Amino acid sequence: MAKYDPRSRSAEDFINDEEIRETLDYAAAHARDVPLIESLLEKARPRLLGNGCHCAGLTHREASVLLACEVPELNEKIFQLAREIKLAYYGNRIVLFAPLYLSNYCVNGCTYCPYHARNKHIARKKLTQEEVRREVIALQDMGHKRLAIEAGEDPRMNPIEYILESIQTIYSIKHKNGAIRRVNVNIAATTVEEYRMLKDAGIGTYILFQETYDKKSYLELHPTGPKHDYDYHTEAMDRAMDGGIDDVGLGVLFGLEKYRYEFAGLLMHAEHLEAVHGVGPHTISVPRLKRADDIDPDQFDNGIDDDTFAKIIACIRIAVPYTGMIISTRENEAVRGRALELGISQISGGSRTSVGGYDEEVRPHDSEQFDVSDQRSLDEVVRWLMQLDHIPSFCTACYREGRTGDRFMSLCKSGQILNCCHPNALMTLAEYLVDYASPATAEVGWPLIERELGRIPNERTRSLAAEHVADIRASNRRDFRF
Ligand code: SAM
């Protein structure tokens, strides 16, 4: 029988079923253990360290106790701590991105996804390079600088060469003042060689959702196709890192299995990456199962309500304080607003989940992956963020300056974020306001930039950032970064 070992390269050792079940029993037994929960909150709280700030994080077992906590006053403290950690590391900046669906051809049989091979009803589409170009121009005209490309798994229709060619096309398009400066990739698990090719193509984060960490369920939810192989899928991030990709993004699809099991599995996966590769995941996504073409989420038994969802986000924030967290337009405005406070650092905006959707006047439904709950335009999302006192950021500087993997984490820990991420966020927001914003959004944005420039601690950086913002307003000079 497999034994729990975070250093092992074998899926059943680092996502060990017995360890997860013991963790859940332990957490349930301590759900009202006030001294233990208080001590965990104390351990996880941010501490000043030199110029910076340090958070110890929590293990999967400790964090599972917080997730199980049934004491209302302590639950309030959990939410409060998550807010503090979010502000300590990520401040009030929120990075924006959009998904770009390249192809929905797929040979897998995932029972929750409308792209599954037996679905003869959904329109199958694969973008040509000319169509990729049109989509990217439409995205640039919205103001996007960062994309996540998405594709079904089909070695014949969507081979790696197609993905690479599409990435090259995306980076090559310079339309007006626009540019896509970071392409993240969400495609099926693959080989070390293909991950190396993605790395060489200049991708940002490689994202792959585990869907569920429960192997038995996984095998039932993925009955056919290459994705059926649980171990190959679960070990994908190790191969990606072996292929040189420093930044990887984890996630589970909440609603498929019991959320406490998934939560423990997710954190064990993060601990495994840290133990083996010396750096944890760059991001964690928290998608929830949604209605889609021939998919009815009510057919799955493990849906979670909004309060539980918020608590999961808060507990992830506390457990892995340096990991970015992503929420998509699967969630509506109210859920996203609450999630931002509790730990989310990246959101998508103005998304279309159909293949070729951005180039259409009206949002098409025929090839959609899931129903979009937040249907606001990017401009509306940007304005909304600023009205809630967040700074919308289109920054892509870190990976372009080589600050990936543990180098990014060091920046997080060094206290230099206000001298680096903050001015970068403000300069990219200024670009957005000049080039793409509606007058109503610009009216909210400029005073915010003015005010936030004053928060940059280093005098020289502050005055340089102010000069660059003035330059952006007065000329076509773009892409300043620290
Ligand atoms: N084909 C790739 C793979 O196998 O990982 C990845 C891309 S898929 C386009 C992106 C993600 O959408 C999936 O990993 C899954 O978690 C999510 N997804 C699939 N069906 C969904 C649904 N009905 N509601 C919400 N999210 C869904």
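Structural notes, computed from the coordinates. Owing to the predicted nature of the structure, the values given are computational and were not obtained by experimental measurement.

What counts, and where the lines are drawn
- Residues numbered from 1 in each chain as written.
- Predicted model: local features only at pLDDT ≥ 70, side-chain atom pairs only at ≥ 80, totals over all residues.
- Heavy atoms only, no water.
- Near = heavy atom within 4 Å.
- Polar contact = N/O pair within 3.5 Å; in protein donor to acceptor, adjacent residues only side chain to side chain.
- Areas by Shrake-Rupley, 256 points an atom, 1.4 Å probe, with all protein chains shown as cover.
- Nonpolar A, V, L, I, M, F, W, Y, C, P; charged D, E, K, R; others polar.
- Buried < 20%, exposed > 50% of the residue type's maximum accessible area, 1.4 Å probe, protein only.
- Helix = DSSP H or I, 4+ residues; strand = E, 2+ residues; numbered from the N terminus.
- Contact = heavy atoms within 4.5 Å.
- Core = buried A, V, L, I, M, F, W, Y, C linked by side-chain atoms within 4.5 Å.
- Phe/Tyr/Trp six-rings, centres within 6.5 Å; stacked < 30°, edge-to-face > 60°.
- Lys NZ or Arg CZ within 6 Å of the ring centre and 35° of its normal.
- Axes fitted to C-alpha atoms, helices over the stretch in contact; angles between N-to-C directions.
- Parallel < 35°, antiparallel > 145°, perpendicular 65-115°, else oblique.
- Left-handed = near helix turned anticlockwise from the far one by under 90°.
- Pairing = 2+ DSSP bridges.
- Right-handed = clockwise from strand over helix to strand, strands pointing away.
- Salt bridge = Lys/Arg side-chain N within 4 Å of Asp/Glu carboxyl O.

## Digging into the site of the ligand
Looking at the ligand, there are 18 residues lining it, with Y112, E211, K227, K290 and R330 nearest. Between the ligand and the protein, one listed contact pairs a nitrogen atom with a backbone N or O atom of Y112 at 3.0 Å. Separating a nitrogen atom of the ligand from a backbone N or O atom of A151 is a distance of 3.0 Å. In the complex, 97% of the free accessible area of the ligand, which totals 580 Å², lies under the protein chains. Of the residues contributing to the shell around the ligand, the split by class is 9 nonpolar, 3 polar and 6 charged.

## Notes on helix 4 (residues 60–68)
Quick reminder: α-helices carry 3.6 residues per turn. Residues three or four places apart thus point the same way. When you tally the buried positions in helix 4, you get 8 out of 9 residues, the bulk of the element. Those residues of helix 4 that are buried lie in contact with helix 2 (17–29), helix 3 (34–44), helix 5 (72–90), helix 12 (259–277) and helix 13 (306–319).

## Things to note about the nonpolar core
For soluble globular proteins, the rule of thumb is that nonpolar side chains tend to be buried together. Residues L100, L198, Y206 and I347 are the most contacted members of the largest nonpolar core, which totals 157 residues. At 10 residues, the largest contribution of residues to this core is made by helix 18 (residues 417–435). Filtering out sequence-adjacent residues up to four positions away, L100 remains in contact with L127, E135, V136, L139, L147, A148, I149, E150, I170 and Y358.

## Thoughts on the packing of aromatic side chains
Within the structure shown, the criterion is met by 6 aromatic pairs. Pairing Y101 with Y115 gives two aromatic rings, centres 6.4 Å apart and planes at 85 degrees, and the pair type is edge-to-face. In this pair, Y101 sits in strand 3 (residues 93–103) while Y115 sits in the loop between strand 3 and helix 6 (129–142), placing the two residues 14 residues apart along the sequence. This pair shows no difference in class: Y101 is buried, exactly as Y115 is. With 6.1 Å between their ring centres and 40 degrees between their planes, Y432 and Y436 make a pair best called tilted. Given a relative accessible area of 2%, Y432 falls into the buried group. Taken together through their ring pairs, the aromatic side chains of F394, Y432 and Y436 make up a single cluster. R376 extends its terminal NZ or CZ atom over the ring of W384, reaching a point 4.1 Å from the ring centre.

## Overview of the packing of helix 5 against helix 13
The axes of two packed helices give the description: the angle between them and the distance between them. At a closest axis distance of 9 Å, the pairing of helix 5 and helix 13 adopts a crossing angle of 55 degrees. Taken together, the axis directions place helix 5 and helix 13 in an arrangement best described as oblique. In the crossing of helix 5 with helix 13, the sense of the turn from one axis to the other is left-handed. Listed contacts from helix 13 to N75, I78, F79, L81, A82, I85, K86 and Y90 of helix 5 are A310, K311, A314, C315, R317 and I318.

## Overview of the pairing of strand 9 (residues 324–327)
For a regular strand, the rule is simple: side chains alternate between the two faces of the sheet. Burial of the side chains of strand 9 extends over both faces: G324 and I326 are buried on one face and M325 and I327 on the other. The pairing of strand 8 (residues 283–285) with strand 9 spans 3 bridges and is parallel. When the sheet's bridge partners are listed, T283 is paired in strand 9 with G324. Between the parallel pair strand 8 and strand 9, the chain is carried across by helix 13, and the sense of this crossover is right-handed. Sheet topology places strand 9 next to strand 10 (residues 346–348); 2 bridges connect them, and they run parallel.

## A closer look at the pattern of salt bridges
Across all of its chains, the model carries 42 salt bridges by this definition. Notably, a salt bridge pairs D479 with R481, separated by 3.4 Å at the nearest N-O pair. Overlapping salt bridges, with partners in common, bring together R181, R400, E401, E431, D479 and R481 in one network.

## Here we look at the environment of I316
Structurally, I316 can be placed in helix 13. Sequence spacing of I316 and G251 is 65 residues, and the spatial spacing of their C-alpha atoms is 11 Å. Setting aside residues up to four positions removed in sequence, I316 forms contacts with F263, L266, I284, V286 and M325.

## Concerning the environment of H116
On the secondary structure map, H116 appears in the loop between strand 3 and helix 6. On the basis of relative accessibility, which here comes to 8%, the residue H116 falls in the buried class. Put simply, H116 and T128 are 12 residues apart on the chain and 22 Å apart in space, counted from C-alpha to C-alpha. Not counting chain neighbours up to four residues away, the residues in contact with H116 comprise N108, G109, C110, R124, D294 and I295.

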